[in-house]
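# Descriptive structure summary
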Amino acid sequence: MKNFIYNNSTIIIFGKDSEQKVGFETKKYGKKVLLHYGGGSIKRSGLYDKVINSLKKEEIDVIELSGVKPNPRLSLVREGIKLVKENNIDFILAVGGGSVIDSAKAISIGAMYDKDVWDFFDKGVEIKAALPIGVVLTLPAAGSETSHSCVITNEDGWYKRSAASILERPKFAIMNPELTYTLPNYQTACGATDMIAHVMERYFTNEKNVEYTDQLCEATIRVIMDSVKICLNDNHNYASRANLMWAGTNAHSGILGTGRIEDWASHGIEHELSGIYDITHGAGLAIIFPAWMKYVYKHDLERFARFANTVFGIKINNDLHETSLQGIKRLEDFFAEIGLPTKLSEVNISTDKFEEMAIKATKNHKIGNFVKLGKEDVINILNLAK
Ligand code: NZQ
Ligand code: ZN
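Residues numbered from 1 in each chain as written. Chains lettered and ligands numbered in written order. Predicted model: local features only at pLDDT ≥ 70, side-chain atom pairs only at ≥ 80, totals over all residues. Heavy atoms only, no water.

## A word on the sheet that holds strand S5 (residues 133-137)
For sheets, the rule is that strands pair by backbone hydrogen bonds, running either parallel or antiparallel. Spatial ordering of the open sheet is given by S1-S8-S5-S4-S2-S3, a layout of 6 strands whose pairing is parallel. The open sheet terminates on both sides in strands that have one partner only, identified here as strand S1 (11-14) and strand S3 (61-65). In this sheet, neighbouring strand axes are inclined to one another by 20° on average, regardless of whether the strands run parallel or antiparallel. Across 4 bridges, S1 lies against strand S8 (residues 172-175) in parallel orientation. Counted as the bridge partner of Ile-13 is Ile-174 from S8. (Pairing = 2+ DSSP bridges. Helix = DSSP H or I, 4+ residues; strand = E, 2+ residues; numbered from the N terminus. Axes fitted to C-alpha atoms, helices over the stretch in contact; angles between N-to-C directions.)

The structure is reproduced here in structure tokens:
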């Protein structure tokens, strides 16, 4: 097990009616708040009114910026930074899913920087300060509610890039599973797939003696799979919604990666897909992850056979190749069962931009750590996914 420092400082306020506490929590950090949200789901569900009332009760000034799109855009982030600077805003409240939270994080680092915020994403400039942010989560998926990174798409060239710093971790995340009852099944399924991918990016490591987190990873994937299937048939199943939500946070809080080197090649490739084609991140992962697995499984047959066994109950036989491939097939079948595409052709993506995506994904260095991948490898993986 590798040495590590683990510090996830986000306070989780979980459970029924927890959104009623948003004003009280916000007041600890700021008096003038940027309320950031997406395309209107929070107005339709009634959450918007509850948040406004709670903030008003604490006499907090509110300035709003709505319109965050899935795969959040740099232009809105720049607008948010301007708004924050001009109005002396001291806290950002993100109400929504991963896209809203990521947009809020990007505004929070850009507001404390006197040059262009894209420097953090493109040039790797170190993040030295960030405005505090808080979250009311409505979509369990990206894990951004406690993660230390954000992912933004620059419309100029359709680059989807991330910027990371522990300064981005939200001060608090309010998580009421009931707020996810209104999710369309497709978003619930995409969210669960993103969670599973976050666990697998950590599970497929070359580190050997990490039995504790290996087993946490396996259990987390099983719970996500069981819970999402129930949620898709029974929208209002509180127990399954709650398990899914909490598993999604821990899939990406950092705990499952402790003591090991994580991979992240599949996310790197997927970000090119959702950056260029604007598909849902979880759907892109349902396509790319099985292709990546088929490409690299021979690197560690024991690990892939163990995955097949512990996640799907497939008996490990003498032929580890066969067991590994059965596990990958079952994962693909699972994604299809919950209504997601598993091939690029299903989302109308042709081979046209394989080269461009591979160049972009590997522009600065090879990607992945389980197996390091260069441009040709990425093209091979995209071909396995077509
Ligand atoms: O915009 P609104 O109207 O709110 O609608 C959203 C959006 O259309 C809707 N929605 C959210 N909660 C709802 C709801 N509809 C009904 N009822 C609710 N309760 O769902 C749609 C998708 O929302 P979005 O925020 O885009 O989804 P998600 O949470 O999956 O976030 C995806 C983004 O997160 C990034 C992805 O790349 C993608 O851009 N990621 C961020 C990470 C991080 N910061 O740590 C890690 C991840 O790997 C990921 O890359
Ligand atoms: Zn993800």
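Here the narrative resumes.
## Notes on unusual backbone geometry
Even without being glycine, Glu-59 reaches a positive phi, approximately 55°. With phi around 50°, Asn-88 is a residue other than glycine that occupies positive phi space.

## Some remarks on the nonpolar core
It is characteristic of soluble globular proteins that their nonpolar side chains tend to be buried jointly. With 64 residues, the main nonpolar core has Met-200, Phe-204, Trp-292, Met-293, Phe-304 and Phe-307 as its most contacted residues. The element best represented in this core is helix H11 (residues 281-296), accounting for 10 residues. Setting aside anything within four residues of it in sequence, one finds Met-200 in contact with Ile-221, Phe-289, Met-293, Phe-307 and Leu-331. Among the nonpolar cores identified, the runner-up in size contains 35 residues, and Val-68, Ile-92, Ile-133 and Cys-150 belong to it. (Core = buried A, V, L, I, M, F, W, Y, C linked by side-chain atoms within 4.5 Å. Buried < 20%, exposed > 50% of the residue type's maximum accessible area, 1.4 Å probe, protein only. Contact = heavy atoms within 4.5 Å.)

## Thoughts on the environment of Glu-272
Following the sequence through the fold, Glu-272 ends up in helix H10 (residues 265-277). As for Glu-272 and Gly-284, which are separated by 12 residues in sequence, their C-alpha atoms are 9.5 Å apart. Sequence-distant contacts of Glu-272, defined by excluding residues within four places in its chain, comprise Arg-161, Met-357, Lys-360 and Ala-361.

## Brief notes about the pattern of salt bridges
This model, assessed by the stated rule, comprises 23 salt bridges. Close ionic contact of Glu-25 with Lys-28 constitutes a salt bridge, the shortest N to O distance being 2.9 Å. For the salt bridge of Lys-375 with Glu-376, the shortest nitrogen-to-oxygen distance reads 4.0 Å. With relative accessibility at 28%, the residue Lys-375 sits in the partly exposed group. One salt-bridge network, in which partners are shared between bridges, spans Glu-211, Asp-214, Glu-218, Arg-260, Arg-303 and Arg-306. (Salt bridge = Lys/Arg side-chain N within 4 Å of Asp/Glu carboxyl O.)

## Re the site of ligand 1
Within the structure, ligand 1 sits among 33 residues, and Ser-41, Gly-98, Ser-99, Ser-147 and His-198 are positioned closest to it. Within the side chain of Ser-144, one N or O atom sits 3.2 Å away from a nitrogen atom of ligand 1. Summarising the interface, the protein chains cover 89% of the accessible area of ligand 1, which totals 970 Å² for the free molecule. Of all the secondary structure elements, the ones that give two or more residues to the shell around ligand 1 are helix H5 (98-110), strand S6 (149-154), helix H7 (185-203) and H10. Classifying every residue of the shell around ligand 1 by side-chain character gives 11 nonpolar, 19 polar and 3 charged. Three or more residues apiece are contributed to the shell around ligand 1 by two domains, here domain 1 (11-179) and domain 2 (183-385). (Near = heavy atom within 4 Å. Polar contact = N/O pair within 3.5 Å; in protein donor to acceptor, adjacent residues only side chain to side chain. Areas by Shrake-Rupley, 256 points an atom, 1.4 Å probe, with all protein chains shown as cover. Nonpolar A, V, L, I, M, F, W, Y, C, P; charged D, E, K, R; others polar. Domains from an automatic or database assignment.)

## Re the side chain of Asp-214
Summarising the element assignment, Asp-214 is placed in helix H8 (residues 211-233). Relative accessible area serves as the criterion here: at 1%, Asp-214 is assigned to the buried category. Non-local contacts of Asp-214, meaning those with residues more than four positions away in its chain, are made with Tyr-203, Arg-260, Arg-303 and Arg-306.

## Thoughts on H10
In this model, H10 (13 residues) spans 19 Å end to end at C-alpha, consistent with the 18 Å of a helix rising 1.5 Å per residue. Where H10 is buried, its residues meet S6, strand S7 (159-164), H7, H11, helix H14 (354-361) and helix H15 (375-384). Asp-278, located one to two residues past H10, shows a positive phi value of around 55°. (Expected span 1.5 Å × (residues − 1).)

## Remarks on the domain arrangement of the chain
The domain boundaries assigned to the chain delineate domain 1 (11-179) and domain 2 (183-385). The centre of domain 1, based on its C-alpha atoms, is set 26 Å off from the matching centre of domain 2. At the interface, 30 residues of domain 1 touch 25 residues of domain 2. When the area that domain 1 buries against domain 2 is broken down by residue, the three leading residues are Pro-140, Lys-160 and Pro-177, summing to 24%. Scanning the region where domain 1 abuts domain 2 turns up 2 salt bridges. We note a salt bridge from Arg-161 to Glu-272, for which the minimum N-O separation is 3.1 Å. There are 9 residue pairs in polar contact (both at pLDDT 80 or more) connecting domain 1 and domain 2. Contributions of two or more residues to the side of domain 1 that touches domain 2 are made by S1, S6 and S7. By residue number, the principal contributor to the side of domain 1 that touches domain 2 is S7, which donates 3 residues. (Buried area = accessible area lost by both parts, 1.4 Å probe.)

## Structural notes on the pairing of S5
Within S5, 5 of the 5 residues are buried, leaving the element largely enclosed by the surrounding structure. Pairing analysis gives 5 bridges linking strand S4 (residues 91-96) to S5, with the strands arranged parallel. Residue pairing across strands places Val-95 opposite Val-136, the latter belonging to S5.

## What to know about the coordination of the zinc ion (ligand 2)
Those protein atoms acting as donors to the zinc ion (ligand 2) are Asp-194 (OD), His-198 (NE2), His-267 (NE2) and His-281 (NE2), and they sit at 2.0 to 2.2 Å. Counting the intervening residues between successive donors of the zinc ion (ligand 2) yields the motif D-x3-H-x68-H-x13-H. Within this pair, Asp-194 and its partner His-198 are both found in helix H7, separated by 4 residues, close to a single helical turn. There is no split in this pair, since Asp-194 and His-198 are both buried. (Donors = N, O, S within 2.8 Å, 3.2 Å for Na, K, Ca; no water.)

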